[in-house]
There are 2 protein chains.
Amino acid sequence: MEPKQVVAALGALAHEHRLAAYKLLVEAGPEGLPAGAIAERLGTPSSTLTFHLQQLLHAGLATQRRVSRQIIYAMVPAAMNGLVGYLTENCCGGEAICAPACDPVAATVHSCKTTAA
Amino acid sequence: MEPKQVVAALGALAHEHRLAAYKLLVEAGPEGLPAGAIAERLGTPSSTLTFHLQQLLHAGLATQRRVSRQIIYAMVPAAMNGLVGYLTENCCGGEAICAPACDPVAATVHSCKTTAA
DNA sequence: GAGCCATTTCCACATTCATCGAAATGTCAT
DNA sequence: ATGACATTTCGATGAATGTGGAAATGGCTC
């Protein structure tokens, strides 16, 4: 992932409403959520929400698809992976000791619940 | 990690120079780097760099310590863990299948090189 | 094709952010 | 104490971002 994309993605997430919206999408998974449902849960006017969703789209963090009258937004898994990967790669110079974030002890609530548990 | 902190951290990273500076700190590990070294590598005027480093500090992503005439900045591992953890938690509703970012296949360049390789 | 519904576009406004030179601060060596 | 060095603070400027109402668009149902 290129630095410019990373900056765009981080910038897109760096806002209260957008982060909240994104989190809803993450929790919703591949099925996504219609714009209206997001607006309702966040309590923002629709025009404002559209503005924020566009940012997520433009940053490549989400996709849009139409289902009859509704427009459904969903997260883009690869983008999240790219983001997390970029932030953590070469941590501490790429040492093997290097935990998710250079501190095995503090690394409790981390994403790597892939295999076990 | 509280949403407000996450937004602050993301906002701090959502800038070309700050992301670059932060990456230097991540790669440098716990020892950190003096402000001057960062400024030199990024090619920004010192006053501008200070501005950006303050943002990282204020967001809790970095720490500052003085060593004689230099001021040394270092990353805060727990902050990175918190950030990554927040973004990925409850992915796809907390399913066990849920890889780092809901897509095991795409999750190649991820942080979990902890143990092996 | 009339009317309703979900969502987006347009617009104008206030706010916040980024930049960098010049001057100030803190620290060390002599 | 003086001078040199590393870094920060100040201040002014231009640019980008967030907001929400009103109007426009695309799509379904009757």
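Right, let's walk through the structure included here. Being a predicted model, the structure only gives us computed values, none of them experimental.

So, the pattern of salt bridges
Logical step 1: One pass over the structure, following the stated rule, counts four salt bridges over all chains.
Logical step 2: Note that K23(A) is salt-bridged to E27(A), the shortest N-O span being 3.9 Å. One end of the pair, K23(A), and the other, E27(A), are both in helix α2 (residues 16–28), four residues apart, so they sit about a helical turn from each other.
Logical step 3: For K23(A), a relative accessible area of 12% corresponds to the buried category.
Logical step 4: One salt bridge connects E89(A) with K23(B), and the closest N-O pair in it is separated by 3.9 Å. Taken as a pair, E89(A) in the segment after α5 (77–88) and K23(B) in helix α2 (residues 16–28) lie in two separate chains rather than in one.
Logical step 5: E89(A) sits in the partly exposed class, given a relative accessible area of 28%.
Logical step 6: Each of the salt bridges in this network shares a partner with another, and the network as a whole consists of K23(A), E27(A) and E89(B).

Brief notes about helix α5 (residues 77–88) of chain B
Logical step 1: Between its first and last C-alpha, α5(B) extends 17 Å over twelve residues, near the 16 Å set by a 1.5 Å rise per residue.
Logical step 2: For α5(B), the tally of buried residues reaches ten of twelve residues, placing the bulk of the element in the interior.
Logical step 3: The elements touched by buried residues of α5(B) are α1 (3–13), α2 and α5 of chain A together with α1 (3–13), α2 and β3 (70–75) of chain B.
Logical step 4: N90(B) lies just past α5(B) and shows a positive phi near 60°.

Procedures and definitions
Residues numbered from 1 in each chain as written. Chains lettered and ligands numbered in written order. Predicted model: local features only at pLDDT ≥ 70, side-chain atom pairs only at ≥ 80, totals over all residues. Heavy atoms only, no water. Salt bridge = Lys/Arg side-chain N within 4 Å of Asp/Glu carboxyl O. Helix = DSSP H or I, 4+ residues; strand = E, 2+ residues; numbered from the N terminus. Buried < 20%, exposed > 50% of the residue type's maximum accessible area, 1.4 Å probe, protein only. Expected span 1.5 Å × (residues − 1). Contact = heavy atoms within 4.5 Å.

That is the geometry; function is a separate question.
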